[in-house]
Amino acid sequence: MNDAAQSLTDVSFQMPSLHEVIKVLTLQAGYNSALVIGGTTMLGLAAGIVGTFTLLRKRALMSDALAHCSLPGLVLAFIFSFFLNLNEKNIYVLLLGASLSGIIGVYLIDQLVRHTRVKEDAAIGVVLSVFFGAGISLLSIVQSLNTGRAGGINHFIYGQTAAMNQHDAVLTLIVTLLTLVAAILLLKEFRLVCFDSEFATVQGWNVQRIDLIMMLLVIVTTMIGLQAVGIILIIALIVIPPTAARFWSEKFDRITIISGSFGALSCYFGATLSTLFPRMPAGSVIVLTAGLFFVISFLFAPERGVFATSMRFLHLRTRISIDHFLRSIFEQIELKFGAKEDSYELSKTEVNSAAPKQFFLRKLVFILLAKNKFLTKNNNDYILTVKGFKRAYELTRNHRLWEEYLTQYGDIATSHVDYSADMVEHVLSHEIVKQIEDSLRAKGKIPRALPQSLHPLRET
Amino acid sequence: MSSFWHEFVSLDLPPILTALFSSLSCALIGNYLVLRRQSLMGDAISHAVLPGIVLAFLISGTRSSFAVFIGASIAGICSALLIEVIRKIGQVETGASMGVVFSIFFALGVLLMEQAAANNIDLDADCLLHGQLETIFWLPPQNVFEILRLSTLSQLPNEVFVSVAVFVFISIFIILFYKELKLFSFDEALAKTLGFNPSVLYYVFISLTAFSVVAAFKAVGSILVIAMIICPATTARLFTDKLKTQILLSMFFTIIATIAGYVCGAFMPIWLGFENSINTAGMISVISGLLLLMSVFLAPRYGILAQKISRHRLQLQVIREDILGLIYRVEETKKGITKDEIVKTLRKFSSDYFIKNAYSSLLKNGLISERNDTVILTEAGNIGAVPLLRKHRLWETYLVNRVGLNPDHVHNTAEALEHYTDQELTEKLQERVKNPETDPHGKKIP
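Predicted model only: the values in this text are computed from it and were never measured.

**Regarding the overall build of chain A**
Turning to step 1, where the next piece is worked out: The helix and strand inventory of chain A stands at 20 helices and three strands.
Turning to step 2, where the next piece is worked out: The globule rule puts the C-alpha radius of gyration for 460 residues at 23 Å, and the 32 Å found for chain A is more than 25% above it.
Turning to step 3, where the next piece is worked out: Based on the C-alpha atoms only, the size of chain A along its principal axes is roughly 100 × 60 × 40 Å.
Turning to step 4, where the next piece is worked out: Sorting the 460 residues of chain A into buried and exposed places 43% on the buried side.
Turning to step 5, where the next piece is worked out: Contacts in chain A between residues far apart in sequence, at least 24 positions, make up 74% of those at least 6 positions apart.

Here you go:
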């Protein structure tokens, strides 16, 4: 291993004591760290809430555009205050410049999409890159002005959370309160527009005005966040928490609350970590904490997480395999002995040929068959229990009813109905079965206890 | 060689060449990304390469561009794959998926950079964002003929060779797979039914995107990469519907933007008497944006101006026809109509400006003439008005007899349809309503 990597591994720092950790977490580790942690936590809350609106309005990258577009305005404001001999770091002038050029950028994107054949993603990309490019060019002018303070603007690109002062914290508090009040007051309107804007229009809401309010909230939050965490990372705070929250629920109110909490928590823990350890820039740590929330949600959220979804899929797949197994066994029995309710002894080959081929699925099917007492093992042979027979009987009946129904009402040839019935039999509820029976009865095809199969059964 | 040219060849030509070929590679890829509505992929990838670069620095311990290239490519491809995985498996909207992935990667990069700074490895993040075109230079001999020798040319800065090589590589790829890429950009479903797997091509293509982004952004900065992926292709798309033309046009715009942008950034301020030049990568993206802005207004078919003009023409045409129809109807009842009455009647369809314009153009073309106060159709005007009235009344008949509308309700619909009915449709219409003598209001069909 060479030098650089070596020194990376033995960079040593003191592990903070528990006492220290608790002190920081409870905001008692000095005025500055309390300010930074409190301020960013509020920012995270606001960003999480407004992020929900942009995500559900399918404008997740609007904050991306907004943040990048703010650069030229920021630099122009800086140059402006330099020539007017204002304090170059006068935060209000800078924020005003940034907001103005951000708004112009978003307006241009909207106009491009509306009046030309440019699609939304390209419009965002064009405006974003051109504005940012202009900003960079202007920045190189600032650097040649020899103000010695151009670094102040760089903080807007990468953020400088640790430099948050009382003033910034109060500003953030105001924005957060504003967002909270707006979200609570306009919850119904926002929900309606986010999920079905056309319905909202039909209902007589002024969708444009509601969109505008949402957009204003996004703009204000982005601008406040710019100086705290920087251009790239404010995008993260607006995009990541709601995307993570989306895995936990389908309900607007809940998504908003979860997203706000994710945002606040990632800022709280991220800022704490950055206070406790050296060389941990708060902005990145916050985003990485948010990223952790995202990964956990993506994998383990009970509603739409990958784990839950694949479990549900596996469950369905197993159920279908069990159904197919039982029906195939039943048809063998029907061929040999007729459909008399009883328990039947089955040979190993019979059972094996009906079970699914995939190893894992096959194991699962046998376990569940045994657990449901459909199939018991007797030495080397298997026994289909009466309970198993009843279930198989019911399944076969549903399958054939559906086939009958398709030939009678769907005008489908008897040789073509098996596949469709295969798909549907697993999801036929009692009500639907009853309806099919009724409609067959109306056709004069009163279903016998078990209809004949419409196609020849194969013997294994 | 004069000192100006020598300075130009040593200080300006290498950055121009690098910028030009890097931009051309990005623009080529961009054509497909824009068509596939994935143009922000370049944005995402160019931010996501940061941790790869820093890790490559930390692990190799050198600033060698090869290590950086490998590190950045790996990070870029990983991010592109992750975006796709999250989008597909998590059922997340593309934009959100990109935002999540690239911001996490970028944050990781900034964190790693901070760690690297502790080890006295100075990595300037500004260079990554803004590009370091200004630092590429060459020290050629004074003599022009010596410059053109192979041995001298081979001493051109590395960046120039890399950008040219990448451009050639991407061009060959696109030429070889032109048909497949076209299919996969326009109709993925058709590609599937024709039996080739679009997802394989997709991953190859995305890797290629990451590759060209990485190759370009070290020299020109991430912001120019994004601009060059999106702007030229979008601009070209305003001019044409054909892919081949679009690609060629986008390359043309890239060349213009690069050269003009470089001149504006490097020379203009000095010509204007300032001491320092402006960041050229930023200027190139600004110029490419201006090119797009111009095209948005001036493009021949999809430009705003062209569409305004054609809409204006259409409206004028409609009003002209309306005036002819109006006079014809009035003359049917053996009455006369004045110009003011025409304007008054048609005011509900259009503005006075259009009506007066249409009126004077009819007058000029001899379709109508003024006799005392009343306006009458000339013979040519009559010939123009008859088919119009015919279409109108055929439509009314059709709407009443075939569609079953109330005769009181069909006038406005027929009024709108008459202007868009060609000869063929008129004949069809006539067949359907069985060639009647009069319309539902009892008026004669001419």
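Moving on from the coordinates now.
**Side note on the overall build of chain B**
Turning to step 1, where the next piece is worked out: Broken down by element type, chain B carries 21 helices and three strands.
Turning to step 2, where the next piece is worked out: Over its C-alpha atoms chain B spans a radius of gyration of 32 Å, topping by over 25% the 22 Å that the globule rule assigns to 446 residues.
Turning to step 3, where the next piece is worked out: Taking the principal axes of the C-alpha coordinates as reference, chain B spans close to 100 × 60 × 40 Å.
Turning to step 4, where the next piece is worked out: A buried classification covers 43% of the 446 residues belonging to chain B.
Turning to step 5, where the next piece is worked out: The long-range fraction of contacts in chain B, counting pairs at least 24 apart against all pairs at least 6 apart in sequence, stands at 69%.

**A closer look at the domain arrangement of chain A**
All names here are of chain A.
Turning to step 1, where the next piece is worked out: The domain architecture assigned to chain A consists of domain 1 (14–301) and domain 2 (305–460).
Turning to step 2, where the next piece is worked out: One C-alpha centre belongs to domain 1, the other to domain 2; they are set 56 Å apart.
Turning to step 3, where the next piece is worked out: Its residues placed into classes, the side of domain 1 that touches domain 2 shows five nonpolar, one polar and no charged.

**Concerning the pairing of strand β2 (residues 368–371) of chain B**
Residue and element names in this part refer to chain B.
Turning to step 1, where the next piece is worked out: As defined by bridge partners, β2 adjoins strand β3 (residues 374–377) across four bridges and the pair is classed as antiparallel. Each bridged residue has a counterpart across the sheet, and for I368 the counterpart in β3 is L377.
Turning to step 2, where the next piece is worked out: Turn length for the β2-β3 hairpin, with the two strands adjacent in sequence and antiparallel, is two residues, and the turn residue N372 shows positive phi of about 50°.

**Comments concerning the packing of helix α16 (residues 304–332) of chain B against helix α18 (residues 352–364) of chain B**
All names here are of chain B.
Turning to step 1, where the next piece is worked out: The geometry of α16 relative to α18 is characterised by a closest axis approach of 9 Å and an angle of 70° between their N-to-C directions. Comparing their axes, α18 and α16 come out roughly perpendicular. When the axes of α16 and α18 are compared, the crossing they make is right-handed. Mapping the contact onto sequence places Q315, L316, I319, R320 and I323 in α16 and F354, I355, N357, A358, Y359, S361 and L362 in α18.
Turning to step 2, where the next piece is worked out: Class assignment for the residues of the contact of α16 with α18 results in eight nonpolar, three polar and one charged.

**A closer look at the sheet that holds β2 of chain B**
Turning to step 1, where the next piece is worked out: Strand order in the open sheet formed by three strands is β1-β3-β2 (chain B), with antiparallel pairing between adjacent strands. Edge positions in the sheet fall to β1 (337–338) and β2 of chain B, since each of these pairs with one other strand and no more.

**Quick notes on the sheet that holds strand β1 (residues 344–346) of chain A**
For sheets, the rule is that strands pair by backbone hydrogen bonds, running either parallel or antiparallel.
All names here are of chain A.
Turning to step 1, where the next piece is worked out: Pairing is antiparallel across the open sheet formed by three strands, whose spatial order is β1-β3-β2. The strands lining the two open edges of the sheet, one partner per strand, are β1 and β2 (375–378). Between one strand axis and the next, the sheet turns by 30° as a mean value, whatever way the strands run.

**Quick word on the environment of L58 of chain B**
All names here are of chain B.
Turning to step 1, where the next piece is worked out: Mapped onto the elements of the fold, L58 is located in helix α3 (residues 50–60).
Turning to step 2, where the next piece is worked out: You can call L58 buried: it has 21 C-beta atoms within 10 Å.
Turning to step 3, where the next piece is worked out: Taking the C-alpha atoms as reference, L58 lies 9.3 Å from M113; in sequence the two are 55 residues apart.

**Remarks on the confidence of the model for chain A**
Close reading of the predicted structure is inappropriate where its pLDDT is low.
Residue and element names in this part refer to chain A.
Turning to step 1, where the next piece is worked out: In this model, chain A carries a mean pLDDT of 84, and residues with pLDDT of at least 70 account for 92%.
Turning to step 2, where the next piece is worked out: The least confident element of chain A, judged by mean pLDDT, is helix α1 (residues 3–9) at 44; the most confident is helix α14 (residues 282–300) at 93.
Turning to step 3, where the next piece is worked out: Every residue in residues 1–11 is under pLDDT 50, and counting partners more than four places away or in other chains gives 16 contacts.

**Details of the nonpolar core**
Turning to step 1, where the next piece is worked out: Counting residues in each nonpolar core, the largest one holds 199 residues, and the members touching the most others are A65, V127 and A236 of chain A together with V101, A107 and V225 of chain B.
Turning to step 2, where the next piece is worked out: Among the elements that make up this core, the one with the highest residue count is helix α5 (residues 94–118) of chain B (15 residues).
Turning to step 3, where the next piece is worked out: I333, A354, V365 and L395 of chain A belong to the second-largest nonpolar core, a separate cluster that totals 18 residues.

**Details of the packing of helix α4 (residues 62–83) of chain A against helix α11 (residues 207–229) of chain A**
Residue and element names in this part refer to chain A.
Turning to step 1, where the next piece is worked out: At their nearest, the axes of α4 and α11 sit 10 Å apart, and the two run at 55° to each other. As far as their axial angle goes, α11 and α4 are oblique. Relative to α11, the crossing made by α4 is right-handed. Taken together, the residues of α11 that come into contact with α4 (itself represented by M62, S63, L66, A67 and S70) are V218, I219, T222, M223 and L226.

**Points about the interface of chain B and chain A**
Turning to step 1, where the next piece is worked out: Contacts between the two partners involve 59 residues from chain B, matched on the other side by 55 residues from chain A.
Turning to step 2, where the next piece is worked out: Contributing elements (two or more residues each) for the side of chain B that touches chain A: α2 (41–48), α3, α4 (65–89), α5, α6 (125–130), α13 (222–237) and α15 (280–298) of chain B.
Turning to step 3, where the next piece is worked out: Looking at which element gives the most residues to the side of chain B that touches chain A, the answer is α5 of chain B, with 15 residues.
Turning to step 4, where the next piece is worked out: Of the residues belonging to the side of chain B that touches chain A, the class tally is 34 nonpolar, 19 polar and six charged.

**Details of the environment of R37 of chain B**
Turning to step 1, where the next piece is worked out: With respect to the helices and strands, R37 of chain B occurs in the loop between α1 (3–35) and α2.
Turning to step 2, where the next piece is worked out: On the basis of neighbour count, R37 of chain B is assigned to the partly exposed category, with 14 C-beta atoms found within 10 Å.
Turning to step 3, where the next piece is worked out: In this structure the C-alpha to C-alpha distance between R37 of chain B and K434 of chain B, which are 397 residues apart in sequence, comes to 50 Å.
Turning to step 4, where the next piece is worked out: Excluding anything up to four places from it in sequence, R37 of chain B contacts K119 and D121 of chain A.

**Some points on the confidence of the model for chain B**
Turning to step 1, where the next piece is worked out: Taken as a whole, chain B shows an average pLDDT of 84; of its residues, 93% reach a score of 70 or greater.
Turning to step 2, where the next piece is worked out: Here the prediction assigns the complex a pTM of 0.81, and the interface score ipTM is 0.83.

**Some remarks on the pairing of β3 of chain B**
Residues and elements named next belong to chain B.
Turning to step 1, where the next piece is worked out: With burial as the criterion, only one face of β3 is covered, namely that bearing V375 and L377; the residues T374 and I376 on the opposite face remain uncovered.
Turning to step 2, where the next piece is worked out: One ladder, built from two bridges, connects β1 with β3; its direction is antiparallel. Its bridge partner lying in β3, I337 is registered against V375.

**Here's the deal with unusual backbone geometry**
Negative phi characterises most residues that are not glycine, and trans characterises most peptide bonds.
Turning to step 1, where the next piece is worked out: A positive phi angle, close to 60°, is found at K373 of chain A, a residue other than glycine.
Turning to step 2, where the next piece is worked out: In this fold, K373 of chain A is placed in the loop between α17 (359–371) and β2.
Turning to step 3, where the next piece is worked out: Positioned with a positive phi, R37 of chain B is a non-glycine residue whose angle comes to about 55°.

Parameters and conventions
- Residues numbered from 1 in each chain as written.
- Chains lettered and ligands numbered in written order.
- Predicted model: local features only at pLDDT ≥ 70, side-chain atom pairs only at ≥ 80, totals over all residues.
- Helix = DSSP H or I, 4+ residues; strand = E, 2+ residues; numbered from the N terminus.
- Rg over C-alpha atoms; globule rule 2.2 N^0.38 Å.
- Buried ≥ 20, exposed ≤ 12 C-beta atoms within 10 Å, placed from the backbone.
- Contact = placed C-beta atoms within 7 Å.
- Domains from an automatic or database assignment.
- Nonpolar A, V, L, I, M, F, W, Y, C, P; charged D, E, K, R; others polar.
- Pairing = 2+ DSSP bridges.
- Axes fitted to C-alpha atoms, helices over the stretch in contact; angles between N-to-C directions.
- Parallel < 35°, antiparallel > 145°, perpendicular 65-115°, else oblique.
- Left-handed = near helix turned anticlockwise from the far one by under 90°.
- pLDDT = per-residue confidence, 0-100.
- Core = buried A, V, L, I, M, F, W, Y, C linked by C-beta atoms within 7 Å.

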